[in-house]
Amino acid sequence: MAVLSQPTLARLRRVSQVAFVAAFLFLLFKSEFTGSFRGAVGDVRLPWPVSLFLEADPLSALTTALSTRTLYRGLWWSLVVLVPTFFLGRFFCGWICPLGTLNHFFGSLRSEKKRGKSLIESNRYKPWQATKYYILVVVLVAAACGTAVAGIVDPIPLTVRSLGLALLPGVHYAFGSLLDVWYQSPVRWVRVGADIVQFLLQGTLVTFRQPHFRQAFILGVMFVGLLALNLRITRFWCRAICPLGALLGLASRWSFVHLVKDQARCDTCNRCLVHCQGGDDPIPGPKWKKAECHLCFNCVGDCPTGGIAFAIGSPVSLSTTVEVPQAQRRKLITGAVAGAALVPLLRSTTGLKVEADSRLIRPPGALDEPHFLERCIRCGECMKVCPNNALHPTFMEGGLEAIWSPVLVPRVGYCEPSCVLCGQACPTGAIWEITVAQKLGKPSGMQTAGETPAPLAAGPLAARPLAARPLAAGPPAARPLAAGPSGTGAPPVQTANPIKIGTAFYDQGRCLPWAMATDCIVCEEWCPTSPKAIYLVTTDITDAESNSKSVRRPYVDPKRCIGCGACEYACPVKDRPAVYVTSVGETRSKTNQFILPAAPKR
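Please read these numbers as outputs of a predicted model, since none were measured by experiment.

Asks: Any chance you could explain helix α11 (residues 216–228) here in plain terms?
Replies: It helps to recall that an α-helix has 3.6 residues per turn; residues three or four apart then point in one direction. When the terminal C-alpha atoms of α11 are compared, their 18 Å separation across 13 residues agrees well with the 18 Å that a helix rising 1.5 Å per residue should span. A216, L219, G220, F223, L226 and L227 are the residues of α11 that are buried. On an axial view of α11, the arc spanned by its buried residues comes to 125 degrees, and they lie on one face. Contact partners of the buried residues in α11: α6 (98–107), α9 (155–183), α12 (236–241) and β6 (391–393).

Asks: Sorry if this is basic, but what is going on with the pairing of strand β11 (residues 534–542) here?
Replies: In the sheet, β11 pairs with strand β12 (residues 548–556) via nine bridges, with the strands oriented antiparallel. Bridged to D540 within β12 is S550. Between the end of β11 and the start of β12, which pair antiparallel, lie five residues, with S546 showing a positive phi angle near 65 degrees.

Asks: Is there a simple way to explain the environment of A311 in this structure?
Replies: In this fold, A311 is placed in strand β4 (residues 308–312). Separated by 54 residues in the primary sequence, A311 and V257 place their C-alpha atoms 5.7 Å from one another.

Asks: In this structure, what is going on with the pattern of salt bridges? I would like to understand it.
Replies: Opposite charge on two side chains allows them to pair when their charged atoms are near. Under the definition given, this model contains 19 salt bridges. Three or more residues joined by partner-sharing salt bridges are found here, namely D43, R45, R73 and E433.

Asks: Explanation requested: the side chain of T147 in the structure shown.
Replies: Here T147 is to be found in the loop between α8 (131–144) and α9. If we ignore the near neighbours within four places in the chain, the residues touching T147 are S67, A142, V343, R347, L373 and E401.

Asks: Explain the packing of α8 against helix α15 (residues 329–347) here, please?
Replies: The packing of two helices is summarised by the inter-axis angle and the distance between the axes. Between α8 and α15, the least distance of the axes is 7 Å, while the angle of their chain directions is 35 degrees. Judged by the sense of rotation from one axis to the other, the crossing of α8 with α15 is right-handed. Mapping the contact onto sequence places Y133, Y134, V137, V138, V141 and A142 in α8 and K331, L332, G335, A336, A338, G339, A340, L342 and V343 in α15. By residue class, the composition of the contact of α8 with α15 is twelve nonpolar, two polar and one charged.

Asks: Just to check I follow, could you spell out the nonpolar core for this structure?
Replies: One finds F92, L99, W237, L244, L295, F297 and F310 to be the most contacted residues of the largest nonpolar core, which totals 61 residues. With six residues, helix α1 (residues 6–29) is the largest single contributor of residues to this core. Contacts of F92, omitting those with residues within four sequence positions, involve V81, C97, I156, L244 and L248. A166, L367, C523 and V581 belong to the second-largest nonpolar core, a separate cluster that totals 54 residues.

Asks: I would appreciate a short explanation of the confidence of the model for the protein chain in the present structure.
Replies: As a general rule, the predicted coordinates of low-pLDDT regions are not to be interpreted in detail. Mean pLDDT over the protein chain stands at 85; residues scoring 70 or higher make up 88%. This stretch, residues 446–495, has a pLDDT under 50; its non-local contacts, to residues over four places away or in other chains, come to 80 contacts.

Asks: Looking at this structure, how should I read the packing of aromatic side chains?
Replies: Ring pairs (aromatic) are described by centroid distance and by the angle formed between their planes. One pass over the structure, following the stated rule, counts 17 aromatic pairs. On the basis of an interplanar angle of 55 degrees and a centroid distance of 5.8 Å, the ring pair of F87 and F256 is categorised as tilted. Here F256 lies in the loop between α13 (243–251) and β2 (257–261) and F87 lies in helix α4 (residues 78–88), a separation of 169 residues in the sequence. You can call F87 partly exposed: its relative accessible area is 41%. For the pair Y414 and W526, a centre-to-centre distance of 5.8 Å together with 90 degrees between the ring planes defines the contact as edge-to-face. Pair noted here: Y414 is in the loop between β7 (406–408) and α18 (421–425) and W526 is in helix α21 (residues 522–526), with a separation of 112 residues, a long-range link. Judged by relative accessible area, Y414 falls into the buried class, the value being 17%. Judged by relative accessible area, W526 falls into the partly exposed class, the value being 39%. Members of the aromatic cluster, each reached through a chain of ring pairs, are W95, W288, F297 and F310.

Conventions and cut-offs
- Residues numbered from 1 in each chain as written.
- Predicted model: local features only at pLDDT ≥ 70, side-chain atom pairs only at ≥ 80, totals over all residues.
- Heavy atoms only, no water.
- Helix = DSSP H or I, 4+ residues; strand = E, 2+ residues; numbered from the N terminus.
- Expected span 1.5 Å × (residues − 1).
- Buried < 20%, exposed > 50% of the residue type's maximum accessible area, 1.4 Å probe, protein only.
- Arc of directions from axis to C-beta.
- Contact = heavy atoms within 4.5 Å.
- Pairing = 2+ DSSP bridges.
- Salt bridge = Lys/Arg side-chain N within 4 Å of Asp/Glu carboxyl O.
- Axes fitted to C-alpha atoms, helices over the stretch in contact; angles between N-to-C directions.
- Left-handed = near helix turned anticlockwise from the far one by under 90°.
- Nonpolar A, V, L, I, M, F, W, Y, C, P; charged D, E, K, R; others polar.
- Core = buried A, V, L, I, M, F, W, Y, C linked by side-chain atoms within 4.5 Å.
- pLDDT = per-residue confidence, 0-100.
- Phe/Tyr/Trp six-rings, centres within 6.5 Å; stacked < 30°, edge-to-face > 60°.

Next up, the structure:
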């Protein structure tokens, strides 16, 4: 049996935690587009694999595989985590997981509730730690029934969502306010100091522009509360709630790493429990709970007599180790029943099948709603990467099942016509990775005047081919337009309709030309389609002073409107705009339509 060098492993674990948290934050900071789409040639792509941590999440891979019966391309990275767990145990929880590291840090802070015997007792194994296995069963069965609600409690999407949509925007606002105060100072060196601070924080804690997100307060409070629980019980989330930890605990059943206890050398000082992260009972006497151990190696470093050590190789005696999770079969069955009942209960309410919210406008490339809910893990990457701050987490617009999934809010921001970054950032394919040509309905392969073939930005994702699996309701299928130029032998030119995410409507009681005989063409000017979906018709009217005048009244051509929301965003009528977008007419749905096909002529 080979005995590992315990102090060296503990130091390596700390280095690993710092490095992976730094990498996680770096990619989160890079989930932002700071350039300009104006004059861009080809599709604009992020140069970094911003969804790498999400793709390497085994729980996201497993739940989407169960709900869709397929494994989306990047999710194969999860095998890099899952396969070694079978041999090494829960190294991901103790060495890599960013939320685990944050819990580790806050759990190490001094607390009145964790002193002396209370601290020792809190780090003993408790039966409630098996709760995470029941939660795991619930979300896996729910995934098999067709919904990816696991993303709500999956630690990686939870951390990305909470930091990206709540805490980082709050930090940005705080620093922005502080810098504004510094810049108003009459002292020159204070203003210079503000310049230096802004230079150092630009692109990290101070982003390109101040983002605002719906539900940010709720998400932030929940995350802070989750971290604060560590002051009462070390890594409470990891021990009791985390379904990913439960999945890895199950996989560690066959791990070659074991804790070896030498009871003859133990003086019952209990120091091995002081910094224990998993609550796995490393003390001599009780059996070591293998599935709970995070491999932090704190226990062996704290032991003054060398009575415990980790080893790899030969199997350990079952008299000192519990190999399997301490879950009760009856509660596991109850969890399975709850997971199976969860989907019909969620879908018996309104929101999906009936009375869908008209303002539930999904990003371009999103699958039809049932398939979208099979894949969306509520990570918030699409929302953070949106350059116009147009995507926000839902609350009840799509029902409880769709909570915190993305929705376009045109009054805050509109969908940039030449942007497809949300599809690139989506780790599970809930938002398909489309091209700008597909989004705008340009003929396949056709370049506008002066354009060169589209070079993607450098980086790992740039060379990633588009997935071959078609959309459920998909981008509009290409249809032959016409044969190539006569006599040239060129292949037929293919064209397609643009991807619609909704349709604009007018509230004539609030529209200035319609209700107040006042000229206003802002919506027509902002309409990005070509030819424009919003057109003007000059009409002769009589105003309040009985004067005859002409005004131009706007109309919408629903066949041209793509629902981008630029008209609603720019409408000068504040509070409730005179033009608004609803999801009707969206490409992804075959039923959410309002234009009936014309009857054939006889």
